[in-house]
Amino acid sequence: MGTAFSNLPENGFNRYFHPEVTPGPSVKPTFDPADGFQGKRKERVMIATEEEMRSAKLPLKDRDYCAHKLIQYRTCYRDKFPFVVRCGHEKHDYLNCQYDDFVLRMKEYERERRLLVKTHRTNVM
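Predicted model, so just to flag it, every value in this text is computed and none were measured.

1. Quick notes on helix H4 (residues 88-124)
Inference 1: Between its terminal C-alpha atoms H4 stretches 53 Å, which fits the 54 Å expected from 37 residues at 1.5 Å a residue.
Inference 2: Looking at H4, one finds that the buried residues are Tyr94, Cys97, Asp101, Tyr109, Arg111, Glu112, Leu115, Leu116 and Val117.
Inference 3: Residues of H4 that are buried in the fold lie against helix H3 (67-79).

Now the structure itself:
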């Protein structure tokens, strides 16, 4: 009981009480990606093509920046089936890629939120 409006952004507390400074889950960034960085930021690139993902029969939820690692892991799993323990390295690579992607997305979310708060403060004052 009482966790409906916890302090986590995905649980709705910030979106309910501060919608003007909380970016939604499917909102594109509104600020310049290079703002506050020295030089140019490296742009993320999909390594696996749409054709490769379709031929590997990846579901839509798995077609992200780590799809190439998942395809490698599934190929290893299929090739060494009874001895799937031998695919530990591929599984580790895929899970690390998922973790790094999550951390990067959370950093981008937090950056967007802080910039929204900053612009909201300057507009209010």
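So much for the structure itself; the text now carries on.
2. Quick word on the state of the cysteines
Inference 1: Inspection of every chain in the model, using the stated rule, returns two disulfides.
Inference 2: With a sulfur-sulfur separation of 2.2 Å, Cys66 is cross-linked through a disulfide to Cys97. Handedness here is read from the sign of the S-S torsion; for Cys66 and Cys97, about -90 degrees, the answer is left-handed. Of the two residues, Cys66 is situated in the loop between helix H2 (50-55) and H3 and Cys97 in helix H4; the sequence distance between them amounts to 31 residues. Judged on exposure class, the residue Cys66 and its partner Cys97 are both buried.
Inference 3: Residue Cys76 pairs covalently with Cys87 via a disulfide, S to S 2.1 Å. Judged by the sign of its S-S torsion, about -95 degrees, the cystine formed by Cys76 and Cys87 is left-handed. One end of the pair, Cys76, is in helix H3; the other, Cys87, is in the loop between H3 and H4, and 11 residues separate them in sequence. Comparing Cys76 with Cys87, the two get one shared label, buried.
Inference 4: Each disulfide in the protein links cysteines that, numbered along the sequence, combine into the pattern 1-4, 2-3.

3. Topic: unusual backbone geometry
For residues besides glycine, phi is generally negative; the peptide bonds are generally trans as well.
Inference 1: Positive phi is not limited to glycine here, since Lys57 has a value of about 60 degrees.
Inference 2: Structurally, Lys57 can be placed in the loop between H2 and H3.

4. Observations regarding the packing of aromatic side chains
Inference 1: Overall, the coordinates contain two aromatic pairs when judged by the stated rule.
Inference 2: Measuring from centroid to centroid gives 6.1 Å for Tyr73 and Tyr77, while their planes differ by 65 degrees, and the two rings are edge-to-face. Note that Tyr73 and Tyr77 are positioned in helix H3 at a spacing of four residues, about one turn of the helix.
Inference 3: By relative accessible area, Tyr73 is classed as buried at 19%.
Inference 4: The ring of Tyr65 carries the charged tip of Arg44 above its face, separated from the ring centre by 3.8 Å.
Inference 5: The residue whose ring lies beneath Arg86 is Phe83, and the NZ or CZ to ring-centre distance is 4.9 Å.

5. What to know about the environment of Leu95
Inference 1: Looking at the element boundaries, Leu95 is found in helix H4.
Inference 2: Classification of Leu95 as partly exposed rests on a relative accessible area of 45%.
Inference 3: C-alpha separation for the pair Leu95 and Cys66, spaced 29 residues apart in sequence, amounts to 8.8 Å.

Parameters at a glance
- Residues numbered from 1 in each chain as written.
- Predicted model: local features only at pLDDT ≥ 70, side-chain atom pairs only at ≥ 80, totals over all residues.
- Heavy atoms only, no water.
- Helix = DSSP H or I, 4+ residues; strand = E, 2+ residues; numbered from the N terminus.
- Expected span 1.5 Å × (residues − 1).
- Buried < 20%, exposed > 50% of the residue type's maximum accessible area, 1.4 Å probe, protein only.
- Contact = heavy atoms within 4.5 Å.
- Disulfide = S-S within 2.5 Å.
- Phe/Tyr/Trp six-rings, centres within 6.5 Å; stacked < 30°, edge-to-face > 60°.
- Lys NZ or Arg CZ within 6 Å of the ring centre and 35° of its normal.

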